[in-house]
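# Secondary and tertiary structure notes
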Amino acid sequence: MSARWSSRPTSYQRNGLGRALVDNVIEHYVHVRQKVLLTDDEPGRRAFYKSMGFIEGHDFSPTPLRAFVQIGS
């Protein structure tokens, strides 16, 4: 099962909506041990998701994680 949404225009940023959406999804899937998030490498997104408790695979300890993606057209 997956939850999907796309980013919103900057006029909607920094008002708590993104945090509320992520919190809602995490609460809904609290029973799921591993949650995977795919996003681009824009620095603001990285900071946002890190502030939400997500870590990048290469930062995972005790050993880094490797992720593979196949995206169709």
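Our subject is the structure listed above.
Scope of this entry: the structure provided in the associated data block. Every value quoted in this text rests on a predicted model; they were computed, and no experiment measured them. (Residues numbered from 1 in each chain as written. Predicted model: local features only at pLDDT ≥ 70, side-chain atom pairs only at ≥ 80, totals over all residues. Heavy atoms only, no water.)

## Side note on the overall build of the protein
Applied cut-off: The helix count covers DSSP runs of H or I at least four residues long, the strand count covers runs of E at least two residues long, and both are numbered beginning at the N terminus. With a 1.4 Å probe rolled over the protein chains alone, any residue whose accessible area is under 20% of its type maximum counts as buried; one over 50% counts as exposed, and the rest are partly exposed. Throughout, a residue-residue contact means that at least one pair of heavy atoms, one from each residue, lies within 4.5 Å. Surface exposure here means Shrake-Rupley accessible area, sampled with a 1.4 Å probe, where a residue is shielded only by the protein chains that are shown.
In terms of helices and strands, the protein carries two helices and zero strands. Each of the 73 residues in the protein was classed as buried or not, and the buried ones make up 7%. Residue pairs at least 24 apart in sequence account for 47% of intrachain contacts in the protein once pairs closer than 6 positions are excluded. Surface accessibility of the protein: about 6900 Å² in total, with carbon and sulfur atoms responsible for 53%.

## Brief notes about the packing of aromatic side chains
Note on aromatic pairs: each is described by the distance of the centres and the angle between the planes. In plain terms, the rule: Within 6.5 Å between ring centres, the rings of Phe, Tyr and Trp (the latter by its six-membered ring) count as paired, and their orientation is classed by plane angle as stacked under 30 degrees, edge-to-face over 60, tilted in between.
Counted under the stated rule, the structure contains two aromatic pairs. When the centroid spacing of 4.9 Å and the interplanar angle of 75° are considered together, the rings of F48 and Y49 count as edge-to-face. F48 gets classed as partly exposed once you look at its relative accessible area, which sits at 24%. For Y49, a relative accessible area of 14% puts it in the buried group.

## Focus on the pattern of salt bridges
Going by this rule: The term salt bridge refers to a pairing of a side-chain nitrogen on Lys or Arg with a carboxyl oxygen on Asp or Glu at a separation within 4 Å.
One pass over the full model with this rule turns up three salt bridges. Of the charged contacts in the structure, one is a salt bridge between D40 and R45, with a shortest N-O distance of 3.3 Å. Judged by relative accessible area, which is 41%, D40 ranks as partly exposed. By relative accessible area, R45 is classed as partly exposed at 22%. Measuring nitrogen to oxygen at the nearest pair gives 2.2 Å for the salt bridge that ties R46 to E56. With R46 in helix α2 (residues 43-51) and E56 in the segment after α2, the pair connects residues that are 10 residues apart, well separated along the chain. The class for R46 is partly exposed, based on a relative accessible area of 42%. E56 gets classed as partly exposed once you look at its relative accessible area, which sits at 27%. Connected through shared salt-bridge partners, D40, E42 and R45 make up one network.

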